[in-house]
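Report on the structure
What follows is each chain in one-letter form.
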Amino acid sequence: RMQRCNLSDTEEHASNMETMEKQLLAMRSTLPQKNSFIIKAILGDLNVQLRNQEEKFHYKERYEIFKLRVTILVGLWAVCCLFFPFELAMYMLHFMLVWYYATVTIREHILRANGSRIRSWWLAHHYLSLGLSAMSVTLHDDDVAFKEIFLYFTIYISFVQFLQFYYQRSSLVRLVTLGRISRTAEVTAEGPRRKTFTDLQFLLPFLIGGYMFQFYNAYFFGKNWLVTPHASWQVLGIAIIFALLGLGNSSTTLRVYFSKVKQRRPSISKSS
């Protein structure tokens, strides 16, 4: 009986600690924070702190919708470029990607300034993707094979991002309806970290497929840079960035997945 009481007290203490931690994180997100170097460089000393959780939620919502719309546009444009490979259309696609990643990076810095727990890797990911898109703009006109594989990759990534958005949104709506999370909960996280275990189980094969695509692109561009006489430096740069993206994405996503597996084991043992 005493052991049961001690176990009950321990569980209650752990629950209280978890509640307090959530409250502290919520309080921390409302405190004013210094602008990052990027925000200062682009916007100066402009105050980007949003006033309350509702405003933060709406800003996050508009950010997600912006990503969805541009993802659909980029995917459809890449399909058109595949069937109608006009040079101007290709340049417009690459410039669109440069603009997209630059805009997303600025918005994510604003979200972090308002308490969003976006992992540093995802910011680095967008910086690398920005550099990748900028290098792709300057590829030589005779690098047809490079441009074709880039189009296939862009179409696949657009499909995965589209899938992520709708699957996460349906899961969040379900959790809010069941009362397991608050309506403003999605302001606080980004990337695979905010996905539920079920989300990750469903999306993991598609995510790993994208990471394998990135490793293949690194091999493809690197090999062509080695064997092609007078190959441009952009080919080597693109190979290096694809390798970094594959390593960073796969390690981050798998680390999140296994951490969720560990979190899931205690709940399974309790229910049994």
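A quick note: this is a predicted structure, and the numbers were derived from the prediction, not measured. (Residues numbered from 1 in each chain as written. Predicted model: local features only at pLDDT ≥ 70, side-chain atom pairs only at ≥ 80, totals over all residues. Heavy atoms only, no water.)

Remarks on the overall build of the chain
The following threshold applies: Starting at the N terminus, helices and strands are each numbered in turn, a helix being any DSSP run of H or I of at least four residues and a strand any DSSP run of E of at least two. Three exposure classes are used, based on accessible area relative to the maximum for each residue type with a 1.4 Å probe and protein chains only: buried under 20%, partly exposed in between, and exposed over 50%. Only heavy atoms enter the contact rule, under which two residues are in contact if any of them lie within 4.5 Å. Computed by Shrake-Rupley with a 1.4 Å probe, the accessible areas treat only the displayed protein chains as cover when residues are assessed.
Across its full length, the chain carries eight helices and zero strands. A total of 272 residues make up the chain; the buried ones form 42% of that total. Sequence-distant contacts, at least 24 apart, represent 77% of the contacts inside the chain between residues at least 6 apart. Per element, the accessible surface of the chain, about 16100 Å² overall, is 65% carbon and sulfur.

Things to note about the environment of Gly 222
With respect to the helices, strands and loops of the structure, Gly 222 is situated in helix 7 (residues 197-227). Sequence separation between Gly 222 and Val 235 is 13 residues, and the spatial gap between their C-alpha atoms is 7.1 Å.

A closer look at the packing of aromatic side chains
Note the threshold: Whether two aromatic rings pair depends on their centres lying within 6.5 Å, for rings of Phe, Tyr and Trp, where Trp uses its six-membered ring; planes under 30 degrees apart make the pair stacked, over 60 edge-to-face, and the rest tilted. In this scheme, Lys NZ or Arg CZ marks a charge over a ring once it lies within 6 Å of the ring centre and within 35 degrees of the ring normal.
Scanning the entire structure with this criterion turns up eleven aromatic pairs. Taking 6.5 Å as the distance between ring centres and 45 degrees as the angle between the ring planes, the aromatic pair formed by Tyr 216 and Tyr 219 counts as tilted. Taken together, the residues span about one helical turn, with Tyr 216 and Tyr 219 both in helix 7 at a distance of three residues. Among the residues examined, Tyr 216 registers a relative accessible area of 43% and is labelled partly exposed. Aromatic rings pair up to connect Phe 153, Tyr 156, Phe 213, Tyr 216, Tyr 219, Phe 220, Phe 221 and Phe 242 into one cluster. Here the basic side chain of Arg 107 rests over the ring of Phe 66, its NZ or CZ set 4.3 Å away from the ring centre.

A word on the environment of Met 92
Residue position: Met 92 is located in helix 4 (residues 87-113). Sequence separation between Met 92 and Cys 81 is eleven residues, and the spatial gap between their C-alpha atoms is 9.9 Å.

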